[in-house]
2 protein chains.
Amino acid sequence: MQSPLIQELIEAFRVLPGVGPKSAQRMAFYLLEQNKNGGSVLAKTLAKAVEEIGHCSLCRTLTEEETCSICQSSRRATGELCIVESPSDVSVIEQSGIFQGQYFVLMGHLSPIDGIGPKQIGLDTLEKRLNDDSVHELIIATNPTVEGEATAHYIQQIALKHQVKVSRLAQGIPMGGELEYLDSGTLSQAFLARKAM
Amino acid sequence: MQSPLIQELIEAFRVLPGVGPKSAQRMAFYLLEQNKNGGSVLAKTLAKAVEEIGHCSLCRTLTEEETCSICQSSRRATGELCIVESPSDVSVIEQSGIFQGQYFVLMGHLSPIDGIGPKQIGLDTLEKRLNDDSVHELIIATNPTVEGEATAHYIQQIALKHQVKVSRLAQGIPMGGELEYLDSGTLSQAFLARKAM
Ligand SMILES: [Zn+2]
Ligand SMILES: [Zn+2]
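Residues numbered from 1 in each chain as written. Chains lettered and ligands numbered in written order. Predicted model: local features only at pLDDT ≥ 70, side-chain atom pairs only at ≥ 80, totals over all residues. Heavy atoms only, no water.

- You'll find chain A entered in an unreviewed UniProt entry as Recombination protein RecR, with Thiomicrorhabdus lithotrophica given as the organism.
- Per UniProt, the comment on chain A under Function (unreviewed entry) is "May play a role in DNA repair. It seems to be involved in an RecBC-independent recombinational process of DNA repair. It may act with RecF and RecO."
- What UniProt records for chain A under Sequence similarities (unreviewed entry) is the sentence "Belongs to the RecR family." (UniProt positions renumbered as here; feature names shortened; annotations may be inferred.)

So, in structure tokens, the structure goes:
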């Protein structure tokens, strides 16, 4: 007996992470009853973002420009390249303020079972960068999960081949934990105590 | 150092109820990284809903048509009119299946301090309906809060003036609770045990 369009909107909200049927309904009704303007801004911004945001041609993070602001900044060209799985990891490391270099964003991790090999996570691009660029240290900050560790190990081999120093964030990050949920303190600690691989 | 457009998108998600900065960021990254199609559908559906959904001319609930499907159904013209505060209340009562009549949706409750008087919650429209129509019972299902009770009392006076039977959902709904979070069982019970006012 619900309006078909409201039903569609509730379904559409359910694609969001952590949003079940009850929250989706609350979101739909809240916007329609109390904040049509906020709903309209969300719809427009989301449409624009989906349309315009792609990947940085240098580090693969999400950006609406050809290269992201970190890659564009000469101040950040310290020769240290921090390798993370996702743009949210960049975000959490930036919030901690501990790292002044640049990033390389894998947009995932190696997962042969899902057909995700070195190329799918941009390791060909990374190798090109190690050939051309003045990168002198790779800091691997993949998640401390089985897949993250396997990916770190694979990248370590690439670094050795190119004779680039490579380190991994120090233990202190709980096993199975996800980088993006860590507090800045723990993360800073892990950066400072990183160990050569 | 975050892309301005991603930042805007995260801000836009924060208008949603129960969404803080962390969840807003997760939503934005999830759609951009993993589900652009879902994001695009959400943007379009939300834009359409905000544009097209208005209020039913008879019962004031949300609908993209002139009158909602319940008001259109002759099967629902039982002469019982259930008065609720919001469209989500209609939704939860419909889910319980206990009520076969029609609704009148206040879209709020009396709140003189916020300038919300009888007219703002559509009580003039309700009175017209009591004059013209064959409504023979008002079932008041406003929330059991101070404002909900005051609103119920005010509507009771209107019903008495028009010599229409009026009842209120039975106690059993916890004081201060909100109708939309009740389970169907409690709600059905409250309907069956409703008391004449
Ligand atoms: Zn970049
Ligand atoms: Zn209606």
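Let's talk about the coordination of the zinc ion (ligand 2)
Residue and element names in this part refer to chain B.
- Cys56 (SG), Cys59 (SG), Cys68 (SG) and Cys71 (SG) make up the full set of protein donors to the zinc ion (ligand 2), lying at 2.2 to 2.4 Å.
- In this structure, the zinc ion (ligand 2) is surrounded by four donor atoms whose angles at the metal cover 104 to 119°, and the resulting shape is tetrahedral.
- Sequence positions of the residues that donate to the zinc ion (ligand 2) give the spacing C-x2-C-x8-C-x2-C. In this pair, Cys56 is assigned in the loop between strand S1 (54-55) and strand S2 (62-63) and Cys68 in the loop between S2 and helix H4 (69-72), connecting sequence segments twelve residues apart.
- Relative accessible area serves as the criterion here: at 3%, Cys56 is assigned to the buried category.
- According to the relative accessible area criterion, Cys68 is buried, its value standing at 7%. (Donors = N, O, S within 2.8 Å, 3.2 Å for Na, K, Ca; no water. Tetrahedral: all angles 85-135°; square planar, octahedral: opposite > 155°, others 65-115°. Helix = DSSP H or I, 4+ residues; strand = E, 2+ residues; numbered from the N terminus. Buried < 20%, exposed > 50% of the residue type's maximum accessible area, 1.4 Å probe, protein only.)

Considerations on the coordination of the zinc ion (ligand 1)
Residue and element names in this part refer to chain A.
- At 2.3 to 2.4 Å from the zinc ion (ligand 1) lie its protein donor atoms, namely Cys56 (SG), Cys59 (SG), Cys68 (SG) and Cys71 (SG).
- Here the donor residues for the zinc ion (ligand 1) map to a single chain with the spacing C-x2-C-x8-C-x2-C. You can see Cys56 sitting in the loop between strand S1 (54-55) and strand S2 (62-63) and its partner Cys71 sitting in helix H4 (residues 69-72), a full 15 residues away along the chain.
- Classification of Cys71 by relative accessible area gives buried; the value is 11%.

Examining the relation of the copies chain B and chain A
- When chain B is fitted onto chain A, the two copies agree to an RMSD of 0.0 Å after a turn of 180° and an axial shift of 0.0 Å. Classification of the inter-copy transformation places it as that of a two-fold axis. For chain B, the smallest separation between a C-alpha atom and the rotation axis is recorded for Ala43(B), amounting to 2.2 Å.
- Of the residues that chain B buries at the interface, 100% are likewise interface residues in chain A, meaning the two copies contact each other through the same surface. (Least-squares fit on C-alpha atoms with pLDDT ≥ 70 in both. Contact = heavy atoms within 4.5 Å.)

Notes on the packing of aromatic side chains
All names here are of chain A.
- Taken as a whole and judged by the stated rule, the model has two aromatic pairs over all chains.
- Aromatic side chains Phe99 and Tyr103 sit 5.3 Å apart centroid to centroid with 70° between the ring planes, which places their arrangement in the edge-to-face category. A single burial state applies to Phe99 and to Tyr103, both of which are buried. (Phe/Tyr/Trp six-rings, centres within 6.5 Å; stacked < 30°, edge-to-face > 60°.)

Some details on helix H2 (residues 21-34) of chain B
- Compared with the 20 Å implied by 1.5 Å per residue over 14 residues, the 19 Å span of H2(B) between its first and last C-alpha is a close match.
- Among the residues of H2(B), those classed as buried are Ala24(B), Gln25(B), Met27(B), Ala28(B), Phe29(B), Leu31(B) and Leu32(B).
- Against helix H2 (21-34), helix H3 (36-52), S2 and helix H5 (87-96) of chain A together with helix H1 (4-13) and helix H3 (36-52) of chain B lie the buried residues of H2(B). (Expected span 1.5 Å × (residues − 1).)

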